[in-house]
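Structure at a glance
Here is how the chains run, residue by residue.
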Amino acid sequence: MVIGLYDLFHPDSESDEAQSDDEDHAHEHHGGSDRVGWLLALPVLVLFGVSPTALGADSVDQFRTFDASPTVNSLPPLPSSGTIDLSLMDYQMYALNSTELRGKTVTLTGFVVADTALSADSFVLTRFAIGCCAADAFRLEVVVSGAVQTWENDTWLRVTGT
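Cut-offs applied
- Residues numbered from 1 in each chain as written.
- Predicted model: local features only at pLDDT ≥ 70, side-chain atom pairs only at ≥ 80, totals over all residues.
- Heavy atoms only, no water.
- Helix = DSSP H or I, 4+ residues; strand = E, 2+ residues; numbered from the N terminus.
- Buried < 20%, exposed > 50% of the residue type's maximum accessible area, 1.4 Å probe, protein only.
- Areas by Shrake-Rupley, 256 points an atom, 1.4 Å probe, with all protein chains shown as cover.
- pLDDT = per-residue confidence, 0-100.
- Contact = heavy atoms within 4.5 Å.
- Patch = residues over 30% accessible without salt bridge, like charges linked within 9 Å, V, L, I, M, F, W, Y side chains within 5 Å.
- Salt bridge = Lys/Arg side-chain N within 4 Å of Asp/Glu carboxyl O.
- Phe/Tyr/Trp six-rings, centres within 6.5 Å; stacked < 30°, edge-to-face > 60°.
- Polar contact = N/O pair within 3.5 Å; in protein donor to acceptor, adjacent residues only side chain to side chain.

**Points about the overall build of the chain**
Looking only at helices and strands, the chain has 4 helices and 6 strands in total. In sequence order, the secondary structure elements of the chain are arranged as α-α-α-β-β-α-β-β-β-β. Within the span of the chain, comprising 162 residues, buried residues form 28% of the whole. Of the roughly 11,400 Å² that the chain leaves accessible, carbon and sulfur atoms contribute 55%.

Spelled out as structure tokens, the structure:
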């Protein structure tokens, strides 16, 4: 960017007369600069003008949700006792495609997204899954009910329940 600004405001250091007086030059120079150095600043200026959205509670509505509805026949069995630590994606796959979660205690991790359509003791636990970049992210959500306190949006929690 500095090179582009320098090139834009400072002409070439040699003048046409100095170049033409030089006997060693067998070719002709044209005065002035092409002034294309400023193009080096263009990507930086674009990033300042078009910043990507952060992946948080404010951007949840902009991303599609994970579709765990296709039947998955090869889900491994869950442990029969103890607390099971699951990702939100795994939780949704088990919840929609098997009966393995019934009566089991699970721990999920995500950030809080308030939803005014839910009761006061409920919130949405959310995560984003990214395949390649933020543009192809999709959200994973689980409604948590029976909360003993309220949290602000974007608060990260580990929630344990059945």
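**A closer look at the confidence of the model for the chain**
Confidence in the prediction for the chain averages 77 pLDDT; 63% of positions are at 70 or higher. Segment residues 13-18: pLDDT under 50, and 4 contacts once partners within four positions in sequence are set aside and those in other chains are kept.

**Concerning unusual backbone geometry**
Backbone geometry places Asp154, a non-glycine residue, at a positive phi of 70°. Mapped onto the secondary structure, Asp154 falls in the loop between β5 (138-144) and β6 (156-161). Judged by relative accessible area, Asp154 falls into the partly exposed class, the value being 36%.

**A short note on a nonpolar patch on the surface**
Among the surface-exposed residues, Leu39, Leu42 and Val46 lie close enough to one another that they form a single nonpolar patch of about 240 Å² accessible area. Positionally, Leu42 belongs in helix α3 (residues 42-49).

**Examining the packing of aromatic side chains**
The final tally for this structure, using the stated rule, is 3 aromatic pairs. Ring geometry for Phe123 against Trp151: centres 5.6 Å apart, planes inclined by 70°, an arrangement best described as edge-to-face. With Phe123 in strand β4 (residues 123-129) and Trp151 in the loop between β5 and β6, this residue pair connects regions lying 28 residues apart in the sequence. Given the relative accessible area of 6%, Phe123 is considered buried. A relative accessible area of 29% means that Trp151 is categorised as partly exposed. What links up through ring pairs into an aromatic cluster is the set Phe111, Phe128 and Trp156.

**Observations concerning the side chain of Thr107**
Position of Thr107 among the secondary structure elements: in strand β3 (residues 105-113). Of note is the side chain of Thr107, whose polar atom sits 2.9 Å from the side chain of Thr160. Ignoring anything within four residues of it in the chain, the contact list for Thr107 reads Thr83, Ile84, Asp85, Leu86, Arg158, Val159 and Thr160.

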